[in-house]
Amino acid sequence: MNEFVGGQVPFDWYLYLSLVLFAIGVAGVLMRRNAIVMFMSVELMLNSVNLILVSYSSYTGKLSGMVFVFFVMVVAAAEVAVGLALLVSIYRNIRSVDIEELKNLKW
Amino acid sequence: MSNTLIFALLSTLSIFSALMVIFSRNAMYSVLYLVICFFTIAGHYVILNAHFLAIVHIIVYAGAIMVLFLYTIMMLNLNRESEPHKPMLLKLASVVTGGGLFLVLISSLKTANQISPVADNGMGTVQSVGKVLFTDYVFPFEITSVLFISAMVGAVVLAKKDVVQ
Amino acid sequence: MKDIVDQSAQFALSTILIPLLPLLGFTINAFFGKHLSKTLSGALATLSVAVSFILSLTIFFAAQNDGFSAFSVEVFEWITAGALRIPMEFYIDQLTVMFMLIITGVGSLIHLYSMGYMHDDEGHNRFFAYLNLFVFFMLLLVMGANYLITFIGWEGVGLCSYLLIGFWYKNQEYNNAAKKAFIMNRIGDLGFLLGMFLIFQNFGSLTFTEVFSKAGNYDLNDGMIVAITLLLFVGATGKSAQLPLFTWLPDAMAGPTPVSALIHAATMVTAGIYLVVRSNILFSLAPDTQHVILIVGLATAIFGAIIGLRQNDIKKVLAYSTVSQLGYMFIALGLGAYSAAFFHVMTHAFFKALLFLGAGSVIHAMSGEQDIRRMGGLWKYIKVTGITFIIGTIAISGIPPLAGFFSKDEILANAFAHSPLIWGLAVGGSMLTAFYMFRLFFLTFCGEFRGTEEQKHHLHESPATITIPLIVLAVLSIIGGFAGVPEVLGGSHWLNRFLAPVFADNEILSHSAHHLDHNLEIMLMCISVAAAVIMITIAYVVYVSKSVRPADDQHQPGGFAKLIANKFYVDELYNAIIVKPVMFLSNALYNFVEVYIIDGFVNLLGKGAVGGSRVLRLAQSGNIGFYFFAITISILVIILINTLS
């Protein structure tokens, strides 16, 4: 193939797709009270960013975009590990993953 | 034409599954929908000529991260009854905020230059990515190993049960 | 020119040392006085002033030579700001030398007196420190080369007066008297200050020589000169206790007697006269101001004399006598007879200091009693004091050949040349002076003793440190007048000739000098002497032959006598007109402005901060969901603003 399949599509569409996924992720973070689902929405946001990075990389021919995506995935993985460990620890203390329960830092 | 169709199909699937992620009542369902979303995005990577990344994406995200999520949910034994919900007003407000953010970002990126695709077949293969990774970016690559070690240690320390004296 | 330079170099050291030595005495006594023995601290203070006196004498003798002319000694460059240049400079001319002699001479005698008088006082070293400080400031006043240095001395003597009047500070009444003196002085000082501002604005400098050389450009009675001289006169009024700012002087008798002698008889109160004599060119250019001075001086002279007729405290009589005599000096100034005014300053310093010190000796002998109604017949117990006291009384009454006669007569002659009415009034005041002074003498020293047995038991003559200054001052009161014997009596008036260079540039003065017919002058003298002798005789008849005694406090007479005895109710008048409204205003300002407006505003700031923080802290709800919302919306807004701008 001389051109990749995705290359037929105007670049703006990938931009819009990524932004939609990002907005959905933001809405998810704001909407849900379950800490785990909030975490998953954050992952969604990260993925949207990955998508736009890869599309930039493919469209301009520079490989550093893909390498950056690689590292984003690495960081996401590490973050998930630590974050879920934190969640488990919280659950052990208050028997719930509802973020509304974590209000001790009130004025 | 078919290219557009493939793109449209993949996009619809990913958007739909993402919406289901945030609207599901059951946490388990959210996880599964997120897995579907990841697969669609991997599909996007493939048609964008980033084969290596697609495979890595599936292995790391769908294979490792989502499994972690599933383990946690099952361990914490969350079910539908104990699922807390926000009042309707707040849900509406969050959707509106998300939408607003989308619009603002769109408007700010309106002035971006048009990019036309560059033909490069060899891009996205393991060899090319690996070459760049191990020459230009070898230092960050080594650092990530340190990052993983610290994450691992942190996770073990945090999740350990307190030793009762 | 070379002579001036030589003189200035020759006397520079003396000039700087003269005020410096008392300052040194002050420092030593103030900081180390407690560790020194009483005799040592007193001797140190006395010595510093005495050495200054000797140094002043050297300059005085040099001034007798023909080649002497006034010189300046600049100590250091003080203020240089744009056009304003005021160095710390001393200006020595004949007038300054005479004043320096009086200050250090009479001052050292009074220091010697204080060594005996204040010996039993516990604040001994503090007293001598303040006395030395006073001498320092007074010297600064008369030696200054510009109005500002004089003003520093002016303020400084006011301060020392406050410190010394309220010396026995544990008594609240004495403190009030000290405050009264200081505040009334301040009112006058404001006039002085405004005068200085005008002088600088018009002449561009405050240095005497520069101001006086430019004064010739002004016409007679130029509005600005009249304003300047009037303001300077207001300052003199406050310092020299003229109407209406005189009520502090009688109250100042609360201080120890040496203080009354030094400050309120010989030196500080003469500062006003020094100021006018120094600025004689300006005053001669403003005859309107001179008329004002004449009227005020005359009124003060008579007013003070009248009040003195019915006072029963020995020091108060002398205080009102001082007020009256200062009035005479201002009469002389108002007539343009500057040299005569200074002559009276000199003789008055001698006999008034003598009288005050004598009164101190009497009080000391009477174990602290000051009411003359409880004295009497002291002559045989304290002879030396009595003899010196009678000499002072004769001198102040103007009987020749003692000092007071010559100086007072010169003033009266000048008054007659100006207007016989003024002469008549002045002679009237002089008669009253003779009367009340001899009343004081007769009631104190003659007749039978009216005090308690306890006091009679303790009656004794004072020690040598007290009597020696008395004797010296008595001698000076006798021979002091010979410094200015007028031509009509065959003398050559050494003082007028000596001070002539000071007034050499005053053309108006030389043009308007009064010259009376010699016979007329001798007749005037005889009239005034005869009048004084008549009043003395009357006083003798009333208080010795008929043994009239002043009434006790319970049996005060009514009518005019009561008015006089209560000092014409001037203090009460001031209290009603000035003190009460000021207190009312002060209270009103405090209760309304301070509490509501200023405090309210400051408290409002505090409450605003507290209230604001109370509102702001509600943002810290601890709710993570809310925090997310806040973050998201902030980012939204930021990106929006960025995009739109």
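See the structure printed just above.
Keep in mind it's a predicted model, so treat the numbers as computed, not measured.

Rules behind the numbers
- Residues numbered from 1 in each chain as written.
- Chains lettered and ligands numbered in written order.
- Predicted model: local features only at pLDDT ≥ 70, side-chain atom pairs only at ≥ 80, totals over all residues.
- Heavy atoms only, no water.
- Axes fitted to C-alpha atoms, helices over the stretch in contact; angles between N-to-C directions.
- Helix = DSSP H or I, 4+ residues; strand = E, 2+ residues; numbered from the N terminus.
- Parallel < 35°, antiparallel > 145°, perpendicular 65-115°, else oblique.
- Left-handed = near helix turned anticlockwise from the far one by under 90°.
- Contact = heavy atoms within 4.5 Å.
- Nonpolar A, V, L, I, M, F, W, Y, C, P; charged D, E, K, R; others polar.
- Salt bridge = Lys/Arg side-chain N within 4 Å of Asp/Glu carboxyl O.
- Polar contact = N/O pair within 3.5 Å; in protein donor to acceptor, adjacent residues only side chain to side chain.
- Buried < 20%, exposed > 50% of the residue type's maximum accessible area, 1.4 Å probe, protein only.
- Pairing = 2+ DSSP bridges.
- Core = buried A, V, L, I, M, F, W, Y, C linked by side-chain atoms within 4.5 Å.

Caption draft 1: Main features of the packing of helix α1 (residues 11-31) of chain A against helix α4 (residues 88-109) of chain B. The contact between α1 of chain A and α4 of chain B brings their axes to 8 Å, and the two run at 150°. Viewed along their axes, α1 of chain A and α4 of chain B adopt a mutual orientation that is roughly antiparallel. Crossing geometry of α1 of chain A relative to α4 of chain B is assigned as right-handed. Contacts between α1 of chain A and α4 of chain B involve L15, Y16, L19, V20, F22, A23, V26, A27, L30 and M31 of chain A from the first element and K91, S94, V95, T97, G98, L101, F102, L105, I106 and L109 of chain B from the second. Each residue belonging to the contact of α1 of chain A with α4 of chain B can be placed in one class, and the counts come to 16 nonpolar, 3 polar and 1 charged.

Caption draft 2: Region of the structure containing the interface of chain C and chain A. Each partner contributes residues to the interface: chain C has 12 residues there, and chain A has 11 residues. Counting across the chain C and chain A interface gives 0 salt bridges. At the junction of chain C and chain A, the tally comes to 0 residue pairs in polar contact (both at pLDDT 80 or more). Residues that form the side of chain C that touches chain A fall into these classes: 5 nonpolar, 6 polar and 1 charged.

Caption draft 3: Spotlight on the pairing of strand β2 (residues 84-92) of chain C. Residue and element names in this part refer to chain C. In terms of residue burial, β2 counts as a mostly covered element, since 7 of its 9 residues are buried. Across 8 bridges, strand β1 (residues 71-81) lies against β2 in antiparallel orientation. Looking across to β2, one finds that V73 is bridged to F90. The turn linking β1 back onto β2 is made up of 2 residues, and G82 within it adopts a positive phi angle of 65°.

Caption draft 4: Structural detail: the environment of G82 of chain C. Within the secondary structure, G82 of chain C sits in the loop between β1 and β2. Considering only alpha carbons, one finds G82 of chain C and P420 of chain C, 338 residues apart in sequence, at a separation of 52 Å.

Caption draft 5: Up close: the nonpolar core. Y147 and F342 of chain C are the most contacted members of the largest nonpolar core, which totals 203 residues. With 19 residues, helix α15 (residues 338-365) of chain C is the largest single contributor of residues to this core. Excluding its chain neighbours within four sequence positions, the residues that come into contact with F342 of chain C are L95, M98, F99, I102, L495 and L499 of chain C. Core analysis: the second largest hydrophobic core is formed by 77 residues, V37 of chain A together with V21, I106 and M123 of chain B among them.

Caption draft 6: Main features of the packing of helix α16 (residues 383-397) of chain C against helix α20 (residues 464-479) of chain C. Residues and elements named next belong to chain C. At a closest axis distance of 9 Å, the pairing of α16 and α20 adopts a crossing angle of 30°. Considering the angle they form, α16 stands roughly parallel to α20. The interaxial crossing formed by α16 with α20 has left-handed handedness. From α16, V384, T385, T388, I391 and A395 reach across to α20, where they touch T467, L470, I471, A474, S477 and I478. Across the contact of α16 with α20, the residue classes break down as 7 nonpolar, 4 polar and no charged.

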